[in-house]
Structure formats: structure tokens, C-alpha cells
2 protein chains.
Amino acid sequence: MLTKDTVGALVSSLPDDVVITDVDRIEKYRQDRAFDPSAGVPAAVVRAECTEHVQITLRWATAHGVGVTTRGAGTGLSGGSTARSEGIVLSTERMREIRVDPATRTAIVQPGLLNAEVKAAASAQGLWYPPDPSSFEICSIGGNVATNAGGPCCVKYGVTSDDVLAMQVVLADGTAVRLGGPRLKDTAGLSLTKLMVGSEGTLGVVTEVTLRLMPAQPPPATAVAMFATDAAATSAVLAITSSMRPAMLEYMDSVAINAVEDMLRMGLDRGAAALLVAQTDAEGAAQHRELNEMVAAFERHGATEVVATDDPEEGAAFVVARRSAIPAAERRGKLLLEDVGVPLPRLPELVDGVHRIGAERGVEIALIAHAGDGNTHPLLVVDPTDPASLAAGDAAFGEIMDLAISLDGTITGEHGVGRLKRPWLVDQLGPDVLALTRRIKLAFDPDGILNPGVIL
Amino acid sequence: MLTKDTVGALVSSLPDDVVITDVDRIEKYRQDRAFDPSAGVPAAVVRAECTEHVQITLRWATAHGVGVTTRGAGTGLSGGSTARSEGIVLSTERMREIRVDPATRTAIVQPGLLNAEVKAAASAQGLWYPPDPSSFEICSIGGNVATNAGGPCCVKYGVTSDDVLAMQVVLADGTAVRLGGPRLKDTAGLSLTKLMVGSEGTLGVVTEVTLRLMPAQPPPATAVAMFATDAAATSAVLAITSSMRPAMLEYMDSVAINAVEDMLRMGLDRGAAALLVAQTDAEGAAQHRELNEMVAAFERHGATEVVATDDPEEGAAFVVARRSAIPAAERRGKLLLEDVGVPLPRLPELVDGVHRIGAERGVEIALIAHAGDGNTHPLLVVDPTDPASLAAGDAAFGEIMDLAISLDGTITGEHGVGRLKRPWLVDQLGPDVLALTRRIKLAFDPDGILNPGVIL
């Protein structure tokens, strides 16, 4: 029970200013970027500085049966860090150490470091950390691990899970354990490291991760194409993915193109139905060959305009256009940000279906996608002052998940289930897998103190 | 309880000749290639032909509390498929369907297909399935998934787990569930697919896997070098892995070189302390650059002889030499096959320590390694007719695992824990992680019918 004395016991067990209970200072820890209006006011926020602080917090939470919502930088989009009034928030923002080891090509990182900071520290040693969520400049590596975050480069380089070799985790009862190690191969016991990735704070609190790094890649070459129809664009996507491994293959629909053009005035064709941006980071002559293959695929599938460049700066401008789609769409209203994915051959049906749902519900949807891996982000634009618009947006949001499931897809490719998508999870997984998931959750967290209400 | 009536119920619930109970016909299902002399005689062997046969078998096993040892091709090296007299064996050898889909670059495969058959089916469509255990011509894909198998190419392309996108699994109570899907990104719910990989038949029976395929790679170029000391060879390994991603980087020690030379007479330098084989599968000019980098690293670190070739056939001869190390060592006695791995900077200490243990125990050890990822296979040669030799081999086998653990390493990189390595698992994972593992096992298999005695 969360009495004043209970909270006081937490405050006095940790150093000064680690725990805050002042309502004003707590305010910014109540929500993530899902901006769930039903977010509560937690009784306290623990800003842990080390693993021991996390252990003290979870021991206390177990002793008093208090739910703990763990958060990194608070950039989550599914409400995985929405605070509860009957619980506390545990922030890892102050845990920011990193140690890059070129000999093992690994980095040992605390969860509060931003993705961009991990990339920078690796880069300083001539190395590269691939996963690149669009929010990489503001999202934490702990949040990336919690959601198994992706990004544009994942089409070639995989998701966060592929690069996590080991971690330190504090279990619900406060026990700190180490899983895996700085070893590329290790099949001793169950793959608990991989199980933790994507578990959204429901199985334990990650206090350190060991990440696999790559040698720095050559600067990419970029091909951009405009299409008169979505069908032409998605057929070009399939032609490319079935014959090569692009380093990036991104899609924007007409609404996204126009929103970006409104903001950036870079001369995009406002009349196009779709834009694709593809990159290759192959080396030397192979890069030219891959660039030519991508251009040929665009032309063969009816592109109305193709630009190809091996100037990284020129290419980066188009990547910026794609990355700007979310802020550009945000200028048109409040966004409901979807994250559905499908097996690649179903991508044309998903794109058509999303546009159909938007038209039927009268909701403007800017559709952007990591097209090369079938992961799309329909951005539903609603008017937050208009209850009818909000209701139409909510309805469309759910229908898009139903559509993805009907196409053998997923309700979330890289953002996580959080609280927002929990009602749809059973439709994707089925009751048997959900029941199994519950049993695993109980094996980790018998008292249900870890991020209650998330995923399950 | 396993009465005659109980077994009769199983026989009559499945089609003719699916279940065998004849002791002579059962004989070949009693052991895997760990050849555990304590293997029992199972009451029956079920040679399932489809998922439904597996469901019937597990329902029966749950109803009667009978332990089920699942096996693929029986090439396991850790005793994960050692049969028990108080249980039955479930073989997936007859489940051999495959469907390759070039559009999604995936293959849907039943567990009984051999790794080489998966590679061939992919290759027929211009695609490639990377994982390449040395036993790829005789091991099953189901066994690869059960052990999270690796191989020489894993230094660049990762282990089996990295390529498993989805699976169908029969749970202990006979429920069949689907995990994941043919989607490169999917973070809906816990990562149960990844948890299943490497679980050695203790959490469920995999009846179908969806594998990620790659476009076929260019033919490799090969660099081979001989070294006068192990220290020189391992320093060359570290120089290569810290600056590039070789497609293969293999090591053989003096004993292995001589055993192979005895068998193949290919002109290897019998006086060398170590041999390294490295390959690059980069394209065009990049391949030449990488080959030159590898040669330069060999020379800089004191190689006494270096051969470089971009002729794939010539390169393949050296790969054959490395692959022949196990059969060559087998001519010298019975082998105890180790599978320990360490973080790369500890590789020199592991190599030295293994040789020291061999000398101290008077056990001949041929040491081969997937050096580029720190995974080594000390091959302990013992005389099966000499109890003193067997005892010395057993002692050295354990000491090598103790050594790996002391170097922050793993007791198994790619073969699995099975029964053979179970006593050492707690020393690597620690009691807290082992306790957590037990709770997860219970969540999947409350009655303990799935591969009892393996891992836990």
C-alpha cells in the first residue's frame, strides 16, 4: 500500500534528490510520447544513478506491493511508460556510462544514454551501432532495448535484439543478474537475453547492456523515385527486396509528401502518389552496381522521376525529407502514430487498406513506411478539439491493426505494445500464446509489480 | 507410468509404423553423437510425420507423465538426445517439407530436413541460408534450432537464432501454437521465438520454422597462414576481427594440422604451431581489399607462410582441411568434443590454457576454433580401452569448461548444454539465473515431460 510512510521509506533509503515526490517535478515523468490522457500521478519518481538504486527500489516495491513503471527518455509511442497513480516511476535517465571496446567490437552501455550518444561513442573508435529509430537523437538505449526498436537501416542490419549480446538485469525482487556476455556465440541455458529485449519493462529492469558494434560502413549512395500510383511504388519495393539487400528502403505517400513539402519547400512533386528513398552502403564498384539495380527497378516499375546520387550530402537531404514526415504531419493536427507491419508481399494490400480506412472514416492519414521490411507508420491526423474527429481517429487506429492482423501481420513492428495496443494483442497472438506469455510473466514477476498494465 | 498398456495406447492412437517398440529397431534412437554410455532403452520411438502426430504424442505423455526426448538427425554432441529407459523418444526425421518464398526471402521448413537440404532448396532460388555447422550434411534443421547451432560463417552472419523469424511449436500439453511470422520486424508480445531457439527440446517441440534467407553471396577469396607460435596466430585473429568482418576465420593447432596431414597428405607444414584460414565474400574490388588486409595482418603478426587465392576451389581445399580436423582426430582415438568460447581478447589465454591442461593431464588435444568469434573446439583424444586415459580425458574436459568460465566465457558456443555439460551450467550462469531458468521451464512444462535431464 502506498501510504506516506511507505513512500518515506523509499525516499530515506536512497541518496538525496534521487527520489522526487513534488507534483510539479513529477509532471514530466507522467507520460511518454503516446500522451495518454489517462496517465496517473505517481507517488514518486526514482531517478536511479546505479544498479544498486534500482535494486533498492525493486526490493521496496516488492515489499510493499507497489507497481513500478520504468522509463528511459520517455519517447515511447505505445504508452509503455504511462504512469499510474497507484505506483511509482523508475527513470534510468541518469545512468549514462559507456565503455567501447574495439578489441571485442562491443560497447557496454547504461540504459540512460541516448541512441545518438552510443552511435557517437562507437564512431569515435571507427565503429558503428546500426539500429537507428527516427527518434535516435532523443531516445534512450534502454528504451530501445525495452521495445526492440528498429529504424530505416534494419532492413539490412536487423533490429536492436540482433545487437544485444548481454545485459545486467534487476529482477522483481531486487536480485541483480547478468545474462550473456561479450561473446558472439553462447548457447548455454535459455536465451534470456533475447527474451528480455522487447519485454517493455515487464520482466525486469535492464541496468546495463552489451552491444555488438560493426566496422564503420562506407558512405551510402541514394536513389529516390516518384510514382504515380501506390501499386507501382510497392511493386518496385518487392522487386528490390527480392533481389538485393538495400541499406534503406523507405516509402512516403502523397499526404506525407505534401506535408513535408509544406514544411521544407524542397521541390518534391506534390502530384506524386508515392516517393521511395533507397540507399546502398556497399563498397566501391558494388555500390554502383546496387545503385544501378535500384534505379533500374524504379524505372521498370513505372517511376515518373528518378534521382540517383553517390554524394552522401545530397542523399541525406532525401533522408531528412523522410525523417521530417512526422513533424510535418504534426503541423496538421494531433497524430495517432501507428506501427503495423506485414509480410512483404502483403504490403500493397496494407497500403491500399490504410488509405481506404482513412477515406471511410474521414481521417487524414499520412502513410510512411520502412517499406523494405514491411513495417509501416500510418500517421492519423485528428483534431484534438473535435470529439468526432478523435472518435474517428480511434476507430481507424483499431481498424488498421485489425487489417494488419488479417494480412498475417503485426500490430507493432518496432514501437511495442505498451498500454495502447494491449487490447489487440490477443487477436494477433491467439489465446494460447497469450496464456503462455502470462505464465512467463509470472515466472519473472509473481507479484505483478513490473510495469503493470503493459503488454498484459 | 509406462506400463505395456500405456505404450499400447500410444501405438494405437497413431498410424501404423509411426511408433516402434522393437528393441532392435529402437537401438539407433538411443544416443546422439555424444555416445553417452548411460543412455537408456526407451519404451517406444515415435517417428512423427506431422504436427498432429506430435500433438497426440505430447497429450499422451502429459496424461501419463512420461518423459519425451525429442531428436532430429541425432548428430548432437552434448547428449541432448540421449534416451531414457523411463521415457520415449520423439523423432522428427520424417517431417521433411520445405517451401521457399523468394518474395519474402524466407523458407518454411519442417524440422527433419537436413541443413544441407535447406541450403540446396534456397540455392535453387538464388538464395542462401547462412548457418553452416560442420555437420551440415548430416544434421537436421530442427536440431540446429534446438541447439542454436553455429558454424564458420557465423563470425559474419550470426547464429541460427538470427535467422529464425517464426515457428510452430507443440507445447507440453499438446497445444500447437504459432510464434512470430514471416516479418523482419515484430515486437508484439514477448520474444518467444528467440527463447525457443537453443532450448534443446525442454520448452516445446518445434514442428515448423520460418527461416530468413539472404541473396546468394559472391564466391569467397581465401587467405591461409602458418604460424610458429599460438600467440602469433591469435594476435593475427584479433587484428583482423577488430578492423573488418571476415566471412570465416578458422584456427587449427599443431596437433590438428598433423592429424589432417596424416589423413589428407595435402602438404601442410607439420612444424607449424598453428594455421589460420580466413575468407572474404565481399564483392569485386572490396574483396581484393579485404583479402589484402587479411594477408597484411597475417604477415604483420609473424606468419611463416601465407597463401592467398581468389580461386574458390583452391580456397575450398583449405576449408576442407579445417573441416576434416574432427574425422582426422577421430583416427587417433575416441574424441571428447569440447565447445567452449571466450570474449575475443581472452582467446590467447584460452588456447594456452587448453594446451596446458592437455599437457598436465597427459591427454592429446587437437584444438580447432571458429577463432573469429572466440568459439573453440578442443578435441580430447582418449583411449576407450584404457580407464586411466578415459578418466584423464573426463578431468581435462571439465577443467577446460572451468577455464572458459574463469575467462568470462561460455561452456558451449554452439552445441548446447545437453546432459553432458549440465553440471557446469550453474558455474557459468550463477544460482539466480539458474533459478529463473527453472521457473521459466515450469511455465512451459509444469509436469517436466519435455526432455527431462537436459539443461536443468
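What you see is a predicted model; the values in this text were computed from it and never measured.

1. Here's the deal with the confidence of the model for chain A
Inference 1: Scored by pLDDT, chain A has a mean of 96; 100% of the residues are at 70 or more.
Inference 2: Note on the complex model: pTM 0.97, ipTM 0.97.

2. Things to note about the sheet that holds strand 9 (residues 176–180) of chain B
All names here are of chain B.
Inference 1: With antiparallel pairing, 5 strands are arranged side by side in an open sheet as 5-6-10-8-9. The sheet is open, and its two borders are formed by strand 5 (98–101) and strand 9, each paired with just one other strand. Across the sheet, the mean angle from the axis of one strand to that of its neighbour is 15°, orientation sign disregarded.
Inference 2: When strand 8 (residues 164–170) meets strand 10 (residues 205–212), the two strands line up antiparallel, connected through 6 bridges. Residue pairing across strands places Val-170 opposite Val-205, the latter belonging to strand 10.
Inference 3: In this fold helix 4 (residues 115–123) packs onto strand 5, strand 6 (106–109) and strand 10, with an angle of close to 35° to the strand it touches most, strand 5.

3. Considerations on empty space enclosed by the protein
Residues and elements named next belong to chain A.
Inference 1: Counted according to the given criterion, the structure contains 3 cavities of 30 Å³ or more.
Inference 2: Every element with two or more residues in the lining of the second largest cavity is listed here: strand 13 (248–253) and helix 12 (312–323).
Inference 3: No other element matches the 3 residues that helix 12 contributes to the lining of the second largest cavity.
Inference 4: Here the lining of the second largest cavity is composed, by residue class, of 3 nonpolar, 1 polar and 3 charged.

4. Regarding the side chain of B:Gln428
Inference 1: Positionally, B:Gln428 belongs in helix 16 (residues 422–429).
Inference 2: For B:Gln428, the side chain forms a polar contact with the side chain of B:Thr410, separated by 3.2 Å.
Inference 3: Leaving out residues up to four positions away in the same chain, B:Gln428 has contacts with A:Arg183, A:Asp186, A:Ala188, B:Ile405, B:Gly409, B:Thr410 and B:Ile411.

5. Some remarks on the pattern of salt bridges
Side chains that differ in sign of charge can pair as their charged atoms come close.
All names here are of chain A.
Inference 1: One pass over the full model with this rule turns up 50 salt bridges over all chains.
Inference 2: The shortest N-O distance in the salt bridge between Arg-322 and Glu-250 comes to 2.7 Å. In this pair, Arg-322 is assigned in helix 12 and Glu-250 in strand 13, connecting sequence segments 72 residues apart. Comparing Arg-322 with Glu-250 shows no difference in burial state: the two are buried.

6. Some details on the interface of chain B and chain A
Inference 1: Of the residues lining the interface, 77 residues belong to chain B; the matching set on chain A comes to 77 residues.
Inference 2: Summed over both sides, the interface between chain B and chain A buries roughly 5900 Å², with carbon and sulfur atoms accounting for 61% of that surface.
Inference 3: Considering only the side of chain B, the residues that lose the most area to chain A are B:Lys185, B:Thr187 and B:Leu190, jointly responsible for 15% of the buried surface there.
Inference 4: At the surface where chain B touches chain A, the tally comes to 26 residue pairs in polar contact (both at pLDDT 80 or more).
Inference 5: Looking at the side of chain B that touches chain A, the elements that each hand over two or more residues are strand 9, helix 8 (192–196), strand 11 (214–215), helix 11 (285–300), helix 16 and helix 17 (431–444) of chain B.
Inference 6: Its residues placed into classes, the side of chain B that touches chain A shows 33 nonpolar, 27 polar and 17 charged.

7. Some thoughts on the state of the cysteines
Inference 1: Tallied over the entire structure, the rule returns 0 disulfides over all chains.
Inference 2: Free cysteine A:Cys154: the closest other cysteine sulfur is in A:Cys153, separated by 4.7 Å.

8. Observations concerning the side chain of B:Glu261
Residue and element names in this part refer to chain B.
Inference 1: Topologically, Glu-261 is positioned in helix 10 (residues 254–264).
Inference 2: We note that Glu-261 is buried and unpaired, the nearest opposite charge coming from Arg-270 at a distance of 4.9 Å.
Inference 3: From its side chain, Glu-261 meets the backbone nitrogen of Leu-268 in a polar contact 2.8 Å long.

9. Observations concerning the environment of B:Leu450
Residues and elements named next belong to chain B.
Inference 1: Structurally, the position occupied by Leu-450 is in the segment after helix 17.
Inference 2: Along the chain, Leu-450 and Leu-171 lie 279 residues apart, while their C-alpha atoms are 9.1 Å from each other.
Inference 3: When sequence neighbours within four positions are dropped, the list of residues in contact with Leu-450 reads Leu-58, Val-68, Ala-172, Gly-201, Thr-202, Leu-203, Gly-204, Val-205, Lys-441 and Asp-445.

10. So, the packing of aromatic side chains
Aromatic rings in a pair are described by how distant their centres are and how their planes are angled relative to each other.
Inference 1: Counting across every chain of the model gives 4 aromatic pairs over all chains.
Inference 2: With a centroid separation of 5.9 Å and 80° between ring planes, the pair formed by A:Phe227 and A:Phe298 is classed as edge-to-face. Remark: A:Phe298 occurs in helix 11 (residues 285–300) and A:Phe227 occurs in strand 12 (residues 221–227); sequence separation between them is 71 residues. A:Phe298 carries the same exposure label as A:Phe227, and that label is buried.
Inference 3: Between B:Trp128 and B:Tyr157, the ring centres sit 4.7 Å apart and the planes meet at 85°, which makes this aromatic pair edge-to-face. On the criterion of sequence distance, the pair formed by B:Trp128 in strand 7 (residues 127–128) and B:Tyr157 in helix 6 (residues 154–157) is long-range, its members being 29 residues apart.
Inference 4: B:Tyr157 sits in the buried class, given a relative accessible area of 11%.

11. Quick look at helix 14 (residues 347–361) of chain B
Residues and elements named next belong to chain B.
Inference 1: Taking 1.5 Å per residue as the helical rise, helix 14 with its 15 residues ought to reach 21 Å, and the 21 Å between its terminal C-alpha atoms agrees with that figure.
Inference 2: For helix 14, the complete set of buried residues consists of Leu-347, Leu-350, Val-351, Gly-353, Val-354, Ile-357 and Gly-358. Take helix 14 and look down its axis: the buried residues cluster within an arc of 165°, on one side only. In this structure, helix 14 carries Ala-359 and Glu-360 as exposed residues pointing more than 90 degrees from its buried face.
Inference 3: Where the residues of helix 14 are buried, they touch helix 9 (230–241), strand 13 (248–253), strand 17 (364–370), strand 18 (375–382) and helix 15 (387–406).

12. Structural notes on the relation of the copies chain B and chain A
Inference 1: Of the two same-sequence chains, chain B is brought onto chain A (RMSD 0.0 Å, axial shift 0.0 Å) by a rotation of 180°. Expressed as an axis order, the relation between the two copies is that of a two-fold axis.
Inference 2: A high fraction, 100%, of the interface residues of chain B reappear at the interface in chain A, so the copies pair face to face through one surface.

Scoring rules and cut-offs
Residues numbered from 1 in each chain as written. Chains lettered and ligands numbered in written order. Predicted model: local features only at pLDDT ≥ 70, side-chain atom pairs only at ≥ 80, totals over all residues. Heavy atoms only, no water. pLDDT = per-residue confidence, 0-100. Pairing = 2+ DSSP bridges. Helix = DSSP H or I, 4+ residues; strand = E, 2+ residues; numbered from the N terminus. Axes fitted to C-alpha atoms, helices over the stretch in contact; angles between N-to-C directions. Contact = heavy atoms within 4.5 Å. 1 Å grid on protein atoms, 1.4 Å probe; cavity = no way out; pocket = protein on both sides within 12 Å on 5 of 7 lines; lining within 4 Å. Points joined across faces, edges and corners; volume = space filled by probe spheres on them. Nonpolar A, V, L, I, M, F, W, Y, C, P; charged D, E, K, R; others polar. Polar contact = N/O pair within 3.5 Å; in protein donor to acceptor, adjacent residues only side chain to side chain. Salt bridge = Lys/Arg side-chain N within 4 Å of Asp/Glu carboxyl O. Buried < 20%, exposed > 50% of the residue type's maximum accessible area, 1.4 Å probe, protein only. Buried area = accessible area lost by both parts, 1.4 Å probe. Disulfide = S-S within 2.5 Å. Lys, Arg positive; Asp, Glu negative; His and termini not counted. Phe/Tyr/Trp six-rings, centres within 6.5 Å; stacked < 30°, edge-to-face > 60°. Expected span 1.5 Å × (residues − 1). Arc of directions from axis to C-beta. Least-squares fit on C-alpha atoms with pLDDT ≥ 70 in both.

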